[in-house]
Each structure stands twice: as structure tokens, then as C-alpha cells.
Amino acid sequence: MANPEASIIRLEGLRKEFDGVLAVQGLDLRVREGEFLCFLGPSGCGKTTTLRMIAGLETPTAGEIYLREKKITRLPPQERNVGFMFQNYALFWHMSVFDNLAFGLRVRRTAPGQIDRRVREVADMLELAQVLDVRAAKLDLSAMQRVAMARTLAVDPDVLLLDEPLNNFRPGLRERMRGELKRWQHQLGRTMVYVTHDQEEAMTLGDRILVMNEGRSEQLGAPRYIYEHPANLFVAGFIGRPAMNFLEVEFKREGEAGLLQRDGLRLRLPRDLTAALESLPSSRLVLGLRPQHLRIAENGTAREGGVFRAVVDLVLPLARKQVVDLKLGDELIKMVLPADRPLLVDDAVSVAIDADRIHLFDRDTGRAIR
Amino acid sequence: MESRRLREFTDAVLRWLAGIIVCAIFLLPLIWVLSISFKPPEEWIAYPPRLIPEKITTSNYVVLFQPGNPVGGVGAMVSAAEPVTRAFINSIIVVPIATAASLVIGFLAAYATTRFQAGGKSLPLFVLTTRMFPPVAFAVPLLVYFRALGLIDTQLALILMYTGFTIAFSLWMTRGFIEGVPKSIEEAAILDGASRWRVLFTITLPLVKGGLAATGLFVFILNWTEFLLAQIFTSRQAITIPVQVSHYVGAVGRFYGPMAALGVVASIPVVVAGYIIQRHLVTGFTFGLVRE
Amino acid sequence: MASVRVEGLRKAFGDTEALRGISFEVRDGEFFSLLGPPGAGKTTTLRIIAGLESPDEGRVWLGEEIVDRVHPKDRDVAMVFEDLALYPHWSAFDNIAHPLKLRKVPLGEIEERVRAIAGMLKIDHLLDRRPGTFSGGERRRVAIGRALVRRPRVLLLDQPLSDLDAKIRQEMAGELKRLQAETGQTMIYATHDYEEAVSMADRIMVIHQGQEEQTGAPQALYREPDSSFVAAFIGSPAMNFVPCKVERAGGELVLQHRAFTLSLAGEGLLSLPDEVLLGIRPEHIRIEAARTPGALPAEVDIVQVLGEEQVLDLRLEDGTTLKAIVVGGVELKAGDPLFIRLERERAFLFDQVSGRRILGPGL
Amino acid sequence: MASSGHPLADTSEGRASFLSRLRRAVDEERFFGTLLITPMQLLLWFLLIIPTIIVIYLSLVAWEPRMGVDWWQAPFAFLRNYAQIFQDGRFWAAIGRSLGVVVAAGGLEFAVGLGLALLFMRDFPGKRIVTSVILYPMMLPWVVVGLAFYLLFLDRGPVNFVLTQWFGSGATVEWFKNPLLAMGTIVLADIWQWTPFLFLILYSGLGALPKDPVEAAMNLGANRWQIFRHVTLPMLKPVILIALVIRALEAFKIFDLVFVMTGGGPGTSTETISLYIYRVGFVFGQLSYAAAMAVLILVMITLVTRFAIQPIEEG
């Protein structure tokens, strides 16, 4: 159990309804001091709404929000000292960069000398010193982003909330800006809550990730942990690219060993897993296979695991890798291979599955069994 | 903690009260006109004035269309003014024709200026000058000119002027709507094999027809309410309703009842039109001047 | 269907030169991609082929015909626009049928062909609805259907997948590729996303500032980029570039950097300039736990976990930073010391000024 | 052949058949565009350019319809008409009054319109109905508005009745007999009719403003007034400018209300410039003199708008 003193933001049963539609349905969360937490989920999953409630831009229908254990649920945004960076940056287009950065300090009636000092400090940090006199509307995208960041930082907020700040960037630039963000976070050492629908972004940026779907939390954990141990089918399908393959299988016992079975596929299980599956009420399972974990079978099959034969349906090269669609009966199975392994459409291949790299889910509840 | 909710509540109540007061202020003048239009002559300037007539009568309306009909003994004097019927017929002919012409010409020009910069970049601004100057400044030369063409006191003169002086609105309002249609849609249609004309009529026009309707109603209002030009360029034959209203005020003394009745009648078409376009007005009036 | 040839296209908009002499040929039935950053001139090239823009110089052939003076509506070229440009006031059926109706195809045949293409694109169930409510993927399918239904001489696609989610983008890319294989339709596909180009196209032309950088098969561009621009543009994370000096010690050429030296072997190196860029892809930097001869000491700066892979920002002794990819479960964190080895047989040398490739792959 | 810049323009000498070139030409953008603006161009020539030429000519001759000769036969007066204007006190007084209406009516309408627009930015019960009510005066014929206010401000009308109820029987005011009060009632009627217009523009403008900057300002700790003063108002500036320019131009033209309510009286004390030109030209029949005044007005307005539009184009 996390120590409550260490959490800077605490959400308690947070709910939000818009005209009868539940956007967020009961969220409990502790954000740790100094961490980079990502809210990850498809659009409409309630992640932005949650962020806006923390900033006070929306009022929760029910539940409480605590900042450093002080209840702020009904406090207006002006009195929260929670920084919010908007998706479109929401700069004051009619002002110079300096005035943008100084805005928060001016409305707090900070002394002019102090404003000047603070503005130059954050401007230096985010490499804006050269453009302080430029009007915000005239900046390029990456400078706008830095102004937005600097403006939020100038007032020294307790927490920084970021709403998909990289959405406006084209792919190449986006990766670069991601690196920048990561660097800033190291430099600033400030608590950040970051909303994104891009799993890659969340994986690379977050210390922890909260995966959300339909207003609910699906899983909370470190990126690698979530990737390796997805709690359910949704998380498993959402994290990782190309997405995990899912096959419906039946569990069967054959002599000593356990078997997973479907048309064209027989998978021999190790003993411990067999034992675990036997204790389940249902034998109807979903087998999850990461495309990266499949390999072309060499001669001789493994004792555990299995091999299936399939036909190449499509090859999508990706420079150093290739994504291959294989046809197994009616199902398409994706597999990632190094680019130097030439495969042609309609080739028949044998694919090996390692039993210790499979995921298994309960077909009815979707929960992970392993 | 609950102060925020309380504040929001009082806020709403204050807005609501302000709304009622504003309503009253904006409604009162017209209600007074309505009230007088249903009053018999002895109540017109009765003191103290009453909002609700003691004796409601429709004779003020009747007398408009049957000048011979006596209204408490003053019917004969009212009939000294021109019969309202002619003004009505004129307005009903002139205004819709001018409106339609303005809309068609304006739409075509708006399309050409937004899509191909036809006539140069400054043409749309130039057209605006027709609205900038007092119409009376144009009336001086136009009178001379129309007299030479034999157009004085004709419906055609009004139609020409009303079309011309509302073209700026037709052009600018439809430009906004046309700009809302992505150019790529038209290009896609061309690559599908459609000619320019076909693109204009099967793609662009259907996509802006709501906007055209709103523009049309707006132009209709402008034309229906126009007074100065009609006053100058008509005398008997081509007289329009606003001119007729002014005659009641100016010429025949204090016949407040029929005067008010005519005011009400003159206002009905435009208030109806205004109500219909209200929704479009709010979206159509930002002139694309606000960022994002 | 036809081949497309474009020769010496130039186009300026006011003071900005969008195209500065673009030539290429697309074979009948080929899937050709124009790849370049925004503003490189991809869209302008497509629009010139379609006839929506006329070039200042240069010509366009469709098959054997010069089409410079053929009106766009008569060129029989279809285009999928970046914003898709669906007709919002018509149903998906009418959208797709539009080009056929304009060609006065009999009604029965229109019905048949629209249904056939809709089946192929899996949008049968959408035909009666207007595009307003469609998802991004569905809208794209309708736009592609409208473009394909009349079997144009060439189909131009102007970054049709650019604002889709990564996941749907990859799915759509697969479908497009399959569709092209099935129909044999000549396609020219403009994109700024190298993954899309590489995964679908038979050949790619990389353009930059209105000029050709390199044309070739996807793997060729990846393995043997002609310039540092192509090398940086294709592959993710991008190739590392390290400025080095070339020094001649006796008869031997040495690549000199503050953190390392590499001796260059081989013939024909005498013409090397004094300053070069060493290019090495992140996937060609190997991590070693212990010091072995030739390995360079480095420190981990930032770790980004991407599923099976980790992208590392490494700092060499002199402060030079390099990106490297590690596959597998090594637990690394910022500050960890380690050793790296550059795979020399996959490295390149580029001219520092012109960016042209001088040497490689393999030093 | 140089490129015309038109995407579909034919840029190479033709070997194509005459027919296909003709077809191409008909469909060609420049031709098509020109064709579409032709009706408007004709209308503008007919109603704007030819009259402008005539009015300038008229202003340079001495002509009145009752002189019995046609206007093109009238003797040249050169700048005598203009010289006369500069000595015509009634003209300058009328200009002054029109400008007074612009400032008084325009200013108050802006203030009230902005206040209403801000009030209406948040929802409250009955907002839609109130909005409809506010907007309808805009649609009414001016003459009817004039009539309504005339009836309200009659000596024995409801306004005076209310005043006597509050302040005793001595409070009856003869609104149309006092120059200042007569002008006041005209301005009041104008405000009543045209505040809705400013409300509408400002309300649409406010509604179209992006919400993000306002929320950002809240997030940075700004209170309502600070947000309004430093974020909302500057963002609204272009809309405000255009609203004021339009309104000022319209208010300067004011004619119908004056004509109906006071006829310019008492005396000439409420005579605006439109009314004065109307009288000179169409009542007194001095068309040349009216033409000279018209030209002067055209020039003045052109200069002023050039001046006023510049910041809008830059902003």
C-alpha cells in the first residue's frame, strides 16, 4: 500500500456525467509526488475529463479530489495552483511571448522586477529567450508548445497536467518532441499527469500508466509491467504494436500434460500452467500471442509450446522489420520478423509458439489468467 | 465549499431578471403601437393612456383597405391618403423580385470571387461601398438618370435599386457560406468528370442552400423596410408600404389608430422573416474574424 | 489503366518554388510512393498529374498520351484527397456512383459496380447513409471506393491516412496494399510517413524541397540511402550522425572523433574530404556488458521502453549522444554505464556539406 | 506563354481542334469566373459608377429642374457649388448632428450591446425567448420604429404619463418642441432599434471565441474581470472594430427616423445631413447643390473608412 503522505493528488470515487452520459465512472487514484503518470485510452474514455476535473475546469458529479491531502473538489480553478497545458496550447495569441509567460504572475500582483526575473528564468530553461518579444500567433508549433509549457511553469504549480500536447505534430517531429518532453521532466523533476491516446507515447514517457476505457480504470502500473502482464483483454489489445493476436482455444488434459486446442493448433503447456488452468471453472479461453513472440519454426519442435502451419497473406515491410499477416483458417495472425528474412505472399510457413511467452484470458470475463 | 453553487444560482437568477427587464424594454414600443391600433378614435390620445383598450375595435385595420368606411367620423379624412392596397401590391411585387435577383446575382458573384478571385481581390470590398454611403447621395444622380430613362415612379426603378443596394449583403453573406465548402470537394467532382457548371449546381449550391435562404430573408427585410429611395422615386403609382406609413404620419394629421394599424401590418412580414433566420444570424455574423 | 510519366516539372507559387524539376515514371500496375516532409512538393506533383494545377514547366504523360492540355475532368485520373472531399449531402452510394453517373453508365451497371467495390472495401452496410456519421476508416473507404469504381488510368492518393490513429493506419495500409494487388491499379501515393511508404509501395521516390533525393525499392532506400536526408528520413528512430575528421596517418586513413577512432580500409578512399558525417542506425549499435577491444564506454541517458524494444539515449565520454535499440529484457536505467560497438559493416559516411553518401554500407 | 497563375489555364499553344479548345475555353476558370460576375458588374456600373460620374458632373454645373433646360445643357459653375457649401451653416450643423448621432447612439448601443452579450453568454431560463425578443426591433421598418416612438413621446402619451405619476403634474415634457429633447428621442429610438445589431455581432463573436485561452487564464489564476479585460476583450477586438465601423456608417445615414418623428423640427434643429440633402435636392429642387454636398460626403466617408478599415485588416 502506498503511503498516503507520498501522494500529491488523490482521487476518490470520481464521477462525471454529461447530460446523462457517464464520462468517468468512479475513479480512485493516487498520483505520487514527482512521478510522470500517463492516462492512456481511446478517445472518449474519460481521460481528458478526469484531467479537467483535477484542474477545476469541470465540476465532478460525485467524488472528491485532494491536492496534498487538501480537499479541492469544489475550489474554482483560480485557487488550485494546478498547471494545465492545453491540447491546442491555448496561448494568448494577441500577446507577446513575454506577456504570455508573465500573465499568471501579473494577475497575482507579483512585483514587476520579480516577474521579469521569473519570466527570464523559465524562458531560458525552455529556450525561449530569443523570442520573448514575438507575438504568440507568429511562432512555430514547437515554440508554441514551449511557450505553453513555460507559461504554466512560470507560476510554479504543484502539479503539471498535460492534455495530449503532441497531437499537432507530424510523426517524425512528434518523436523528437517526445524526447524533449522526457528531458524537461528530468530537468524539472515535477509531478506530471499526461493524457494521451497513443500507447507508444505513454510507454516511452510514463513512469506509470493508467489505462482507461469507457470512464473506468483498466490497469495501473509501470509501462513494462503492463506490457508484460496486461490485466485483461482490453489492455492486452491496446498496448503493443502491432496489437496482440487473440485466438479462442479450449483447454484439455491429455495424459500428464495440458493442451490448448483449436483448429490447426495444438499447444502443449508446462506443468505449472496446466495445474493452474485445471482449477478454473471454464475451459473456454482466449490465447494471446504477441506478434514479436512468434518465430519461424526451425527443424524439430519444442517439447513445450507448439507449431502451426499457416499461409502468408500479406507482408508489410517496416524498414528494419516486417509485419507478416498469416492465415490460420479464418483468422489472420500478425507476426513481426526481421526484414532480412524474405517472405512472399502465399508462402506456407511453420510458426513456433513458446509456451512461456503466451498470455491467457478468461473468455467470459476477459480477465488475464496469465 | 458550497459557496460556488450558491454563486452560480444567484448568478442565474440575476441573469433571468435582467432578461425580463430587457424583454419589457424591447417589447413596450411595439405593444403600444399594437394597443393603439385596436383603439377607437376617442381613446387614441385619451388621458391617462391605457395599455389595454377599453373598447377593442378592428375598424382601424378595416379603414386601411376601405378608405370610404367611416371611423368615428374621421373616415373621410383618412381616405384623403392613397389607398393602402396599391402600396401593398407594389411592395409584394417589388420586394420579392428584387430579393431574388439580388440573391442570384450575389451568389454567382460570390462564387466567382471566392473561388477564382474573379474581378480581382478588391472587388468584394468595392461592392461594399454601395452600403457605405448615404443612399441620398446616390439618389441625386439617379433621379436625373432615371428621369431620362422614364423610370420615375415605376416598379422597375425600385427593383433595380433594391437589387443593387442589397447586392453587397448577398455577396458578403454567401461568400462566408461558400468558403465553408472545402475546395477539394469541388475538385473531387471535377476529377469525377463533372463540368464547372455541374459542380456549381450539383455540389456547391446544395451545400449552401441553408445559408442562401437565410441571406434571402435578410435581404427581404432590408428591401421591405426601405424608405428613402421609395420616398424619392415614387409619387403615386409605385408607392411602397413604408412610404404609405410616413404619409399617415406626415400628411393627414393625427390619425393615430389607422397609422398604428398600418405600422403593425407593415411589420408582420419582416418580423416573421426575422424569426425564421434568427438561428442563422447568430452563426453567420462573425465575419470569420475570430481566430480559430 | 496506364503508366504515368512526368518530366521536368517546375512550379512556383509566388516566391516559393514548390517543384524544382521533378521527373519520374510509374509503370502500369505499379504502387509508387512519393515520400517527403510537408512542403516537399508531393501534393503539388499529384495535383499537376490530375490537372488541378498547371506546371510552369514540364509535361505529363498518361500512357502514350501527353495530357498537358486535357481538362482534368477528361483525364480519367482519380484522386483521394487529404481531407477526402466526400460529398456530405449524398449517401455513400451516391458518392461512389457519381463518376459513373457522369459517364452515363447504365443504371443497372452502376448498381452492380458500386456494390462490387463496396463489397471489396467492406462498406456494404454504409451505402444508404451519408458520410457525416462515418468513422475515419469508413470515410476513407468510401473515398477510395469513389476513386476506384471507374477504374481510372491512375489513382492518386494524397496522404489519405495521415490523421488516423497509428493502429487503424496500419490496418488501412494493409488493406490498401491488398486492394492494389487484387485490382492491379496503378497508384501514386503521397505521404510524409516513411512507414506507410515502405510498407505499401513497390518503389518510392523521396523528395525534398521540390527535388528528387532518391528513387528505389523500399529496402534499397533503407539499406543504401544516397544521402543523409534519405538516411534520416527512413527508419525510426532516425539514423545517428556523428561529425568526424578524416586523417591520413602514413598510408592509412583514420576516422577521427573525440571519443573514438576508426581506421578505414579499402580502395578508392583517397578522394575523401577532410570532414565527414558518420552515419549509423540505432539498430546497428550493439550493447556489450563488458569492455572488449574496440568497444566504446558510454552512459545511459534516457530509456524508453517500446514493447520488446528499448530505445536508449547514450552519452559517449565526450558528450556525443547516440540512440541505440536494445531488444530483449535487459533492465537498464538512466546513469548505467555500458559499452557499445558500432557495426562497421552497416555504417555510412556522408559528405558534411552536400549530404551525399561517400562510403557505405560498410566501412 | 507565361503562366497566368490560374490552375486550369491553358499554358501551351494549341494544336488541339478548334472545337475542343472552345469547349475548354467555356469551362476555363477565368472565363467562367468572369461570366459569373458579369451581372453584378453590370449592376454596379448602372447604379454606382455611372451615377458617380453624373453626380460629379452635376456638382460642377448650375442646374435646377425648374430651369427648363436639360442637365447636360446647364452652364458650368466650376467650384461655385462647393464654395457655397463652405458658407452654408445649415450644412455643417446637419453634419454635426449626424456625427452627434453616430457618437451618442453608437457609443450607447455598443455599451448596452456588449453588456447584453456578456449577460447572454451563460445559460439562464428563457434565454431563447429573450433572444428572439431582443432581435426583433432590427427587423422592423424604420418608419414603424419612428411611429412607435412618436406615439410613446406624444405630449399626452404614456412616457409623459409615467413622468407625471412619478414627479407630479408639472413633469409633462413637450418632447418634440425642444430641440435637444427632440434629438434625444430620435437617438433613443435609434438605440432601441440598433442595440440588437451590436448585441448580435458581439454575441456571435463571443460565442465563436476559442474557450481554451479563457480556461488557461482561469488556470493561471485570473479572476473574471482580469479574464475579460486581458483575454476576452483583446480577442474580440476585430469583431468590435467591424461592428463599430458598420454601425457608425449606418448611423451617419440616419434619415427615416428623423423624417417620421420630427421632420427635422422644431425648425431645423434635428435636421441630419441625409435629411438636409434630401430637402435641398428633392424638396427645394436645387439638384446641383445637392450633388455637390453628396460628392463631399462621398469623399469624407471614403477617407474615414480607409482610416478605419486599416486596423481591421492588420488585426
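This text goes with the structure placed above it.
Anyway, here's the lowdown on the structure attached to this text.

Conventions adopted
- Residues numbered from 1 in each chain as written.
- Chains lettered and ligands numbered in written order.
- Predicted model: local features only at pLDDT ≥ 70, side-chain atom pairs only at ≥ 80, totals over all residues.
- Heavy atoms only, no water.
- Buried < 20%, exposed > 50% of the residue type's maximum accessible area, 1.4 Å probe, protein only.
- Helix = DSSP H or I, 4+ residues; strand = E, 2+ residues; numbered from the N terminus.
- Phe/Tyr/Trp six-rings, centres within 6.5 Å; stacked < 30°, edge-to-face > 60°.
- Lys NZ or Arg CZ within 6 Å of the ring centre and 35° of its normal.
- Pairing = 2+ DSSP bridges.
- Contact = heavy atoms within 4.5 Å.
- Buried area = accessible area lost by both parts, 1.4 Å probe.
- Salt bridge = Lys/Arg side-chain N within 4 Å of Asp/Glu carboxyl O.
- Polar contact = N/O pair within 3.5 Å; in protein donor to acceptor, adjacent residues only side chain to side chain.
- Nonpolar A, V, L, I, M, F, W, Y, C, P; charged D, E, K, R; others polar.
- Axes fitted to C-alpha atoms, helices over the stretch in contact; angles between N-to-C directions.
- Parallel < 35°, antiparallel > 145°, perpendicular 65-115°, else oblique.
- Left-handed = near helix turned anticlockwise from the far one by under 90°.
- Patch = residues over 30% accessible without salt bridge, like charges linked within 9 Å, V, L, I, M, F, W, Y side chains within 5 Å.
- Areas by Shrake-Rupley, 256 points an atom, 1.4 Å probe, with all protein chains shown as cover.

1. What to know about helix α6 (residues 142-152) of chain D
Line of reasoning, step 1. In terms of residue burial, α6(D) counts as a mostly covered element, since eleven of its eleven residues are buried.
Line of reasoning, step 2. If you check which residues of α6(D) are buried, you get D:Trp142, D:Val143, D:Val144, D:Val145, D:Gly146, D:Leu147, D:Ala148, D:Phe149, D:Tyr150, D:Leu151 and D:Leu152.

2. Let's talk about the packing of aromatic side chains
Line of reasoning, step 1. Summed over the entire model, instances satisfying the criterion amount to 47 aromatic pairs over all chains.
Line of reasoning, step 2. Ring centres 5.1 Å apart and planes at 70 degrees place the aromatic pair D:Phe255 and D:Tyr278 in the edge-to-face group. One end of the pair, D:Phe255, is in the loop between α10 (224-252) and α11 (256-261); the other, D:Tyr278, is in helix α12 (residues 273-283), with 23 residues separating them in the sequence. Neither D:Phe255 nor D:Tyr278 differs from the other in exposure class; each is buried.
Line of reasoning, step 3. Each ring, one from D:Tyr278 and one from D:Phe282, has its centre 5.9 Å from the other, and the planes form 40 degrees; the classification is tilted. A residue pair is termed a helical-turn pair when its members lie 3 or 4 positions apart in one helix, as D:Tyr278 and D:Phe282 do in helix α12 at four residues.
Line of reasoning, step 4. A network of ring pairs unites the aromatic residues B:Phe26, D:Tyr136, D:Phe149, D:Phe153, D:Trp175 and D:Trp192 as a single cluster.
Line of reasoning, step 5. Looking at A:Arg290, its charged tip hangs above the ring of A:Tyr227, at a distance of 4.0 Å from the centre.

3. Some details on the pairing of strand β17 (residues 321-328) of chain A
All names here are of chain A.
Line of reasoning, step 1. Counting buried positions over the eight residues of β17 gives six, a clear majority of the element.
Line of reasoning, step 2. From the end of strand β16 (residues 306-318) to the start of β17, which pair antiparallel, there are two residues, and Ala319 there has a positive phi angle of about 60 degrees.
Line of reasoning, step 3. Taking the residues between adjacent antiparallel strands as the criterion, β17 and strand β18 (residues 331-338) are bridged by two residues, where Gly329 takes a positive phi near 60 degrees.

4. Some details on the interface of chain B and chain D
Size of an interface, as often reported, equals the accessible area lost when the parts are brought together.
Line of reasoning, step 1. Counting residues at the interface gives 95 residues for chain B, matched by 100 residues for chain D.
Line of reasoning, step 2. With both chains or domains summed, chain B and chain D bury close to 8,900 Å², and 80% of this area falls on carbon and sulfur atoms.
Line of reasoning, step 3. The largest share of the area that chain B buries against chain D comes from B:Arg15, B:Phe26 and B:Tyr47, three residues that together contribute 9% of it.
Line of reasoning, step 4. Here B:Arg131 and D:Glu250 are joined by a salt bridge, their closest N and O atoms 4.0 Å apart.
Line of reasoning, step 5. Across the chain B-chain D interface, the total number found is seven residue pairs in polar contact (both at pLDDT 80 or more).
Line of reasoning, step 6. The element best represented in the side of chain B that touches chain D is helix α1 (residues 3-37) of chain B, accounting for 16 residues.
Line of reasoning, step 7. A per-class count over the side of chain B that touches chain D returns 71 nonpolar, 16 polar and eight charged.

5. A look at the environment of D:Asp190
All names here are of chain D.
Line of reasoning, step 1. Examined against the element boundaries, Asp190 turns out to sit in helix α8 (residues 179-208).
Line of reasoning, step 2. Owing to a relative accessible area of 0%, Asp190 belongs among the buried residues under this scheme.
Line of reasoning, step 3. In this structure the side chain of Asp190 is engaged in a polar contact, spanning 2.6 Å, whose partner is the side chain of Arg247.

6. Overview of the pattern of salt bridges
Line of reasoning, step 1. Tallying each qualifying case throughout the model produces 67 salt bridges over all chains.
Line of reasoning, step 2. With a closest N to O distance of 3.2 Å, A:Arg120 and A:Asp116 form a salt bridge. Of this pair, A:Arg120 and A:Asp116 both sit in helix α3 (residues 112-125), separated by four residues, roughly a single helical turn.
Line of reasoning, step 3. Residue classification places A:Asp116 among the partly exposed residues on the basis of a relative accessible area of 30%.
Line of reasoning, step 4. Across the salt bridge formed by A:Glu248 and A:Arg363, the nearest N and O atoms sit 3.5 Å from each other. Linking A:Glu248 in strand β11 (residues 245-254) with A:Arg363 in the segment after β20 (359-362), this pair joins segments that are 115 residues apart in sequence.
Line of reasoning, step 5. Overall, A:Glu248 belongs to the partly exposed group, its relative accessible area being 47%.
Line of reasoning, step 6. The network of salt bridges with common partners includes A:Asp313, A:Asp325, A:Lys327, A:Lys334 and C:Arg178.

7. Concerning the packing of helix α5 (residues 84-116) of chain B against helix α10 (residues 196-225) of chain B
In a pair of packed helices, the angle between the axes and the distance between the axes together describe the arrangement.
Residues and elements named next belong to chain B.
Line of reasoning, step 1. Running from N to C, α5 and α10 cross one another at 135 degrees; their axes reach a closest spacing of 8 Å. As judged from the angle between their axes, α5 and α10 are oblique. Regarding α5 and α10, the two cross each other, and that crossing is right-handed.
Line of reasoning, step 2. Class assignment for the residues of the contact of α5 with α10 results in 16 nonpolar, seven polar and one charged.

8. Topic: the sheet that holds β16(A)
Line of reasoning, step 1. Spatially, five strands are ordered β15-β19-β16-β17-β18 (chain A) in an open sheet, and the strand pairing comes out antiparallel. With partners counted over all chains shown, the strands left at the sheet margins are β15 (295-296) and β18 of chain A, one partner each.
Line of reasoning, step 2. Relative to β17(A), β16(A) runs antiparallel, the two being bridged by seven bridges. Within β17(A), the residue paired with A:Leu316 across the bridge is A:Val323.
Line of reasoning, step 3. Along the sheet face, helix α5 (residues 166-183) of chain C touches β16, β17 and β18 of chain A and points at about 85 degrees away from the line of β16(A).

9. Comments concerning a nonpolar patch on the surface
Line of reasoning, step 1. A surface patch of nonpolar side chains, about 590 Å² in accessible area, is lined by B:Phe9, B:Val13, B:Leu14, B:Trp16, B:Leu17 and B:Ile20.
Line of reasoning, step 2. Looking at B:Phe9, the relative accessible area reads 56%, which means it is exposed.

10. So, the packing of α3(A) against helix α4 (residues 141-154) of chain A
Residues and elements named next belong to chain A.
Line of reasoning, step 1. Running from N to C, α3 and α4 cross one another at 140 degrees; their axes reach a closest spacing of 9 Å. Judged on the interaxial angle alone, α4 and α3 are oblique. Along this stretch, α3 crosses α4, giving a crossing that reads as right-handed. Across from Arg118, Val122 and Met125 in α3, the residues of α4 making contact are Ala150, Leu153 and Ala154.
Line of reasoning, step 2. Of the residues in the contact of α3 with α4, the class split is five nonpolar, no polar and one charged.

11. Things to note about unusual backbone geometry
Line of reasoning, step 1. That bond from A:Arg241 to A:Pro242 is cis: its omega, -5 degrees, falls within 30 degrees of zero.
Line of reasoning, step 2. Tracing the chain through its elements places A:Pro242 in the loop between α8 (233-238) and β11.
Line of reasoning, step 3. The residue after C:Ser236, namely C:Pro237, is reached through a cis peptide bond having omega -10 degrees.
Line of reasoning, step 4. Relative to the helices and strands, C:Pro237 resides in the loop between α8 (228-233) and β11 (240-249).
Line of reasoning, step 5. The phi torsion at A:Ala319 lies on the positive side, around 60 degrees, for a residue other than glycine.
Line of reasoning, step 6. As for its placement among the helices and strands, A:Ala319 is situated in the loop between β16 and β17.

From the geometry alone we can't say anything about function, so treat these as descriptive.
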